[in-house]
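This is what each chain is made of:
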Amino acid sequence: MKYSLYDVYETETEPGELVCTSDSMEEIRAAAKRRAEETDGECELYVMERIEENN
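No experiment lies behind these values; they were computed from the predicted model shown.

## A look at the nonpolar core
Part 1 of the reasoning: Tyr 3, Leu 5, Cys 20, Ile 28, Ala 31 and Ala 32 together form the largest nonpolar core, which totals six residues.
Part 2 of the reasoning: Elements represented by at least two residues in this core include exactly strand S1 (3–7) and helix H1 (25–38).

Structural data, given as structure tokens:
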């Protein structure tokens, strides 16, 4: 998967709690919106993008 969405709000794990992985940024945005609604905004979300090297 190209993108990973994590929630680091009150977590002790690195890089946080994995919420969603996808190749679609649209799907990541939808997952982030759902997470914010589920937690009443008590979340701290970030997206990691996998970088592919062309060797």
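## Considerations on the pattern of salt bridges
Part 1 of the reasoning: Applying the stated criterion across every chain yields a total of three salt bridges.
Part 2 of the reasoning: Here Arg 35 and Asp 7 are joined by a salt bridge, their closest N and O atoms 3.0 Å apart. A residue pair is termed long-range when its members are at least 10 positions apart, and Arg 35 in helix H1 and Asp 7 in strand S1 qualify at 28 residues.
Part 3 of the reasoning: Under the relative-accessibility criterion, Arg 35 is labelled buried at 14%.
Part 4 of the reasoning: Note on Asp 7: relative accessible area 4%, which makes it buried.
Part 5 of the reasoning: Put simply, Arg 35 and Glu 17 hold a salt bridge, and the shortest N to O gap is 3.0 Å. With a gap of 18 residues between them, Arg 35 in helix H1 and Glu 17 in strand S2 (residues 17–22) connect regions that are remote in the sequence.
Part 6 of the reasoning: Sharing partners across several salt bridges, the network here consists of Asp 7, Glu 17 and Arg 35.

The rules behind each value
- Residues numbered from 1 in each chain as written.
- Predicted model: local features only at pLDDT ≥ 70, side-chain atom pairs only at ≥ 80, totals over all residues.
- Heavy atoms only, no water.
- Core = buried A, V, L, I, M, F, W, Y, C linked by side-chain atoms within 4.5 Å.
- Buried < 20%, exposed > 50% of the residue type's maximum accessible area, 1.4 Å probe, protein only.
- Helix = DSSP H or I, 4+ residues; strand = E, 2+ residues; numbered from the N terminus.
- Salt bridge = Lys/Arg side-chain N within 4 Å of Asp/Glu carboxyl O.

By themselves, these figures tell us nothing about what the structure is for.
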